[in-house]
Amino acid sequence: MTVRTRVAPSPTGDPHVGTAYIALFNMCFARQHGGQFILRIEDTDQTRSTAESEQMIFDSMRWLGLEWDEGPDIGGPHAPYRQSERGAIYSRYAEELVEKGHAFRCYRTGEELDALREDLKARGVQRALKPSDLELPADEVERRHAAGASYVIRMRVPEEGRCDISDLLRGNLELDWAQVDAQILLKSDGMPTYHLANVVDDHLMEISHVIRGEEWINSAPKHKLLYEYFGWQMPVLCHMPLLRNPDKSKLSKRKNPTSINFYRRMGYLPQGLTNYLGRMGWSMPDESEKFSLEQMIASFDISRVSLGGPVFDVEKLSWLNGLWLRELDDEAFLSTLMEWAFNRDYVMQVLPHLRGRVETLSQVAERGSFCFTGVPPVNASAFDHDKFSHDQMREWLQYFLWALETLRHWNRDAIFAEAQRIAAATGVKVKDVLHPVFVAIAGTTASFSVVDSMEIIGSDLSRARIRQAIEVLGGVSKKQAKKLEKNWQRIEQGLPLDGADTE
Ligand code: GLU
């Protein structure tokens with residue numbers, strides 16, 4: 001059997017270290033067996049998927065040295081590798097299941113679904129919605145169909161009993177069919193859900209081993225059943241442990257930067273980051289801490305993965321990165337540094353803003369230094385303002401951070417528009433809202449336009465610096481966050497905040 005593995009990210013938001021982690025293990029497994037590693041883009045959620053995000057996945061994986069043998073950008077025998085281009089395939093397979101009686105058209109409305117769930121709850125029944133709950137009498141189906149009502153295609157699932165799933169690392173897993181709902185396979189807009197598209201593609205792309213995060217374990221019964229319905233052999237399943245924050249919670253950007261771009265902009269080396277990801281739940285047979293991708297592939301053995309949640313600790317990553325950095329000789333160090341930020345392209349973005357503000361060349365590095373640093377420390381007193389309190393500024397910064405997190409296109413105008421929106425809703429001037437942003441980004445207000453600075457240093461460093469500023473200004477408690485979130489929803493809808501001075 002040819003070993004074929006894949007990583008199947010959804011192109012929404014920033015390229016996640018978790019994607020690189022799963023890609024790394026899939027790639028090592030495929031290489032070790034002389035097989036192929038495939039990149040598939042799962043972009044069936046058209047409202048959240050973006051071309052920018054997809055491009056960032058390609059760039060960040062290549063930067064890390066995680067090369068794929070088949071993928072949307074390089075093609076391959078099973079193209080296309082982008083699910084949005086495979087729509088006709090999925091609807092054909094969904095129809096096949098309907099014809100065979102393994103799936104049904106469901107005309108239930110949203111209100112009916114809510115009522116059915118309420119009813120189960122009221123009766124104290126703790127199980128998912130099943131076909132028996134959902135199916136309508138044939139004449140009612142006929143009536144709704146004739147009226148042109150919209151429908152979804154759902155799979156039939158057992159009402160109860162045990163589903164056995166075999167996992168390469170975990171052995172036999174027992175899951176309860178009662179908790180598995182009559183999963184939607186094809187949505188009313190004709191697009192497939194993750195489950196259908198994933199199973200159909202893994203089969204058609206001849207994937208032999210599905211190595212993915214443990215958050216997908218609960219999907220495995222549905223997938224197993226789909227393979228049975230189609231009469232296909234299921235790939236071997238292997239669920240990797242989830243990366244965790246130092247407090248053991250699931251790795252989240254609220255507690256740890258999760259974007260690969262962040263680590264790149266911070267000046268981590270790709271060798272350092274892949275080495276660190278390789279140590280997440282895995283170790284070399286001789287327990288050496290520093291190893292290259294080639295060494296990892298040569299010694300790879302998936303059974304050495306340990307299931308205790310690996311902690312992604314930025315301090316340990318920095319330590320390891322330091323080892324890699326110190327290994328570079330002066331020439332290599334220089335070229336790495338130039339590639340990182342001391343190159344013509346990058347410096348040329350900064351210089352036009354500094355030129356008019358210096359009298360000697362020696363002031364260039366001093367005034368532009370914040371464009372060449374990571375998240376430099378800042379004191380609360382740097383934010384002092386004669387009209388506005390730290391509390392007030394912290395609130396604006398929090399809104400601004402939320403705004404930036406959902407920004408699709410990172411450029412000065414879009415960033416400025418967010419500041420304007422917050423200023424309008426809170427009844428102050430844009431200049432006031434931007435005061436703490438200036439300090440957060442450049443350490444001082446005596447610098448060039450902060451929106452230009454943010455465009456230059458990029459979204460990851462900008463957000464990390466704003467996050468730091470919020471902490472320096474006292475942080476936002478859970479309770480405060482709730483209140484601010486409510487306000488933020490109003491701002492997003494273009495409504496002024498209660499009590500805002502909007503003369
Ligand atoms: N699209 C899923 C994700 O975003 C893929 C999960 C899987 O590997 O099956 O992670």
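Scroll up for the structure.
Since the model is a prediction, treat every value here as computed from it, not as a measurement.

Peer 1: Which residues make up the sheet that holds strand E4 (residues 152-155), and what values go with them?
Peer 2: In spatial order, the strands read E3-E4-E7; together these 3 strands make up an open sheet with antiparallel pairing. A strand with exactly one partner marks an edge of an open sheet, and here the two such strands are strand E3 (103-106) and strand E7 (184-186). Each strand axis lies, on average, 45 degrees off the axis of its neighbour in the sheet, ignoring direction. Strand direction decides the pairing type here: E4 and E7, joined by 2 bridges, are antiparallel. Bridging across to E7, Arg-154 finds its partner in Ile-184.

Peer 1: Before we move on, can you summarise the pairing of E4 with the specific residues and values?
Peer 2: A two-sided burial pattern is seen for E4, the buried positions comprising Val-152 and Arg-154 on one face and Ile-153 and Met-155 on the other. Inspection of the sheet shows E3 paired to E4 by 4 bridges, in the antiparallel sense. Directly across from Cys-106, in E4, lies its bridge partner Val-152.

Peer 1: Describe the nonpolar core, listing the residues and the values that go with them.
Peer 2: In terms of nonpolar packing, the biggest core is built from 100 residues, with Phe-312, Phe-400 and Ile-466 touching the most fellow members. The element contributing the most residues to this core is helix H1 (residues 17-32), with 11 residues. Leaving out residues up to four positions away in the same chain, Phe-400 has contacts with Ile-415, Glu-418, Ala-419, Ile-422, Leu-434, Val-437, Met-454 and Ile-466. Leu-97, Leu-113, Leu-173 and Leu-186 belong to the second-largest nonpolar core, a separate cluster that totals 44 residues.

Peer 1: Quick rundown of the packing of helix H10 (residues 270-278) against helix H12 (residues 314-327)? Include the residues and the values.
Peer 2: Contact geometry for H10 and H12: axes closest at 8 Å, N-to-C directions at 130 degrees. With respect to H12, the element H10 is oriented oblique. Between H10 and H12 lies a crossing whose hand is right-handed. Of the residues in H12, those touching H10 at Gln-271, Gly-272, Leu-273, Asn-275 and Tyr-276 are Lys-316, Leu-317, Leu-320, Asn-321 and Trp-324. For the contact of H10 with H12, a count of residues per class yields 5 nonpolar, 4 polar and 1 charged.

Peer 1: How would you explain the pattern of salt bridges if you had to name every residue and give the values?
Peer 2: Throughout the structure, instances matching the rule amount to 36 salt bridges. Glu-54 is the salt-bridge partner of Arg-82, the closest N and O atoms lying 2.7 Å from each other. Taken together, the residues span a long stretch of sequence, with Arg-82 in the loop between helix H2 (51-63) and helix H3 (87-99) and Glu-54 in helix H2 at a distance of 28 residues. Given a relative accessible area of 19%, Arg-82 falls into the buried group. Looking at Glu-54, the relative accessible area reads 10%, which means it is buried. Here the residues in one salt-bridge network are Arg-6, Arg-40, Glu-42, Arg-86, Asp-201 and Asp-202, joined through shared partners.

Peer 1: Would you mind going over the packing of H3 against helix H8 (residues 220-230) in detail, with residue names and values included?
Peer 2: The description of two packed helices rests on the angle between their axes and on the distance between the axes. Direction vectors running N to C along H3 and H8 enclose 75 degrees, while the axes themselves pass 11 Å from each other. Considering the angle they form, H3 stands roughly perpendicular to H8. In this structure, H3 contributes Tyr-93, Glu-96 and Leu-97 to the contact, and H8 contributes Leu-226, Tyr-229 and Phe-230. For the contact of H3 with H8, a count of residues per class yields 5 nonpolar, no polar and 1 charged.

Peer 1: Outline H10, listing residues and values.
Peer 2: With 8 of 9 residues buried, H10 lies mostly within the body of the structure. Taken as a whole, H10 has its buried residues at Pro-270, Gly-272, Leu-273, Thr-274, Asn-275, Tyr-276, Leu-277 and Gly-278. Residues of H10 that are buried sit in contact with H1, H2, helix H9 (260-265), helix H11 (293-298) and H12.

What counts, and at which threshold
Residues numbered from 1 in each chain as written. Predicted model: local features only at pLDDT ≥ 70, side-chain atom pairs only at ≥ 80, totals over all residues. Heavy atoms only, no water. Pairing = 2+ DSSP bridges. Helix = DSSP H or I, 4+ residues; strand = E, 2+ residues; numbered from the N terminus. Axes fitted to C-alpha atoms, helices over the stretch in contact; angles between N-to-C directions. Buried < 20%, exposed > 50% of the residue type's maximum accessible area, 1.4 Å probe, protein only. Core = buried A, V, L, I, M, F, W, Y, C linked by side-chain atoms within 4.5 Å. Contact = heavy atoms within 4.5 Å. Parallel < 35°, antiparallel > 145°, perpendicular 65-115°, else oblique. Left-handed = near helix turned anticlockwise from the far one by under 90°. Nonpolar A, V, L, I, M, F, W, Y, C, P; charged D, E, K, R; others polar. Salt bridge = Lys/Arg side-chain N within 4 Å of Asp/Glu carboxyl O.

Distances and angles like these do not, on their own, reveal function.
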